Amino acid sequence: MTERSDISPILEELNPLCPAGYALALHITFTTPNFLFQTYSGDWTEHYTQNGLVLFDPIVRWGFENTGVSTWGALAENDSHGVLKSAADFGLKFGTVIAIVEGDSRTIGGFARPDRDHTEEEIEKLTSLLKKTHHHTIASKDLSEEDQAALKRLSVSLTHG
């Protein structure tokens, strides 16, 4: 089984845990991920991008400065630009951020719900799935061009529907 066929089922397992979507920034170099898998709504993604909210996003900031897990609610006091309030206006009302560093590579995942915080069991599952995704893509530079292209297409497909 190739790496690209291994990752789709992992990403599919995220969907019921994140009914408002998720964003995975995998193997970040400086500030750019090698892969970005995102399922947030197109309206939110467009608003976020057009307003340059990544520069002010407390979820992203926390993910760069920490490893482990935090809830979006715990980050609200550090949201001076109202990114989390804007997200809530688009249905991303509750969420979890998980940051891992393994093999000299940082990966950050943001996971959203419209209705409640994730349970401890869900957070454990999200962490496990993020680590699996991280591991399956860490050797992406060693993948064939075909497999690299397939991962990029999957990233674009999830992000842009």
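Residues numbered from 1 in each chain as written. Predicted model: local features only at pLDDT ≥ 70, side-chain atom pairs only at ≥ 80, totals over all residues. Heavy atoms only, no water.

**Q** When you look at the nonpolar core in this model, what are you seeing that I'm missing?
**A** Of all hydrophobic cores here, the largest spans 20 residues; its most connected members are Tyr40, Trp44, Trp72, Leu92 and Val97. Contacts of valine 97, omitting those with residues within four sequence positions, involve Ile59, Trp62, Gly68, Val69, Ser70, Trp72, Leu75, Ile108 and Gly109. Judged by nonpolar contacts, the second largest core, of 17 residues, contains Leu11, Tyr22, Leu126 and Leu130. (Core = buried A, V, L, I, M, F, W, Y, C linked by side-chain atoms within 4.5 Å. Buried < 20%, exposed > 50% of the residue type's maximum accessible area, 1.4 Å probe, protein only. Contact = heavy atoms within 4.5 Å.)

**Q** Help me understand unusual backbone geometry in this model?
**A** Glycine aside, residues mostly have negative phi, and peptide bonds are mostly found in the trans state. Backbone geometry places histidine 27, a non-glycine residue, at a positive phi of 55 degrees. Structurally, histidine 27 can be placed in strand E1 (residues 21-29). When its relative accessible area of 7% is taken as the criterion, histidine 27 is described as buried. Here phenylalanine 30, not a glycine, exhibits a phi torsion of approximately 60 degrees, which is positive. Here phenylalanine 30 is to be found in the loop between E1 and strand E2 (32-38). Using a relative accessible area of 79% as the deciding quantity, one classes phenylalanine 30 as exposed. (Helix = DSSP H or I, 4+ residues; strand = E, 2+ residues; numbered from the N terminus.)

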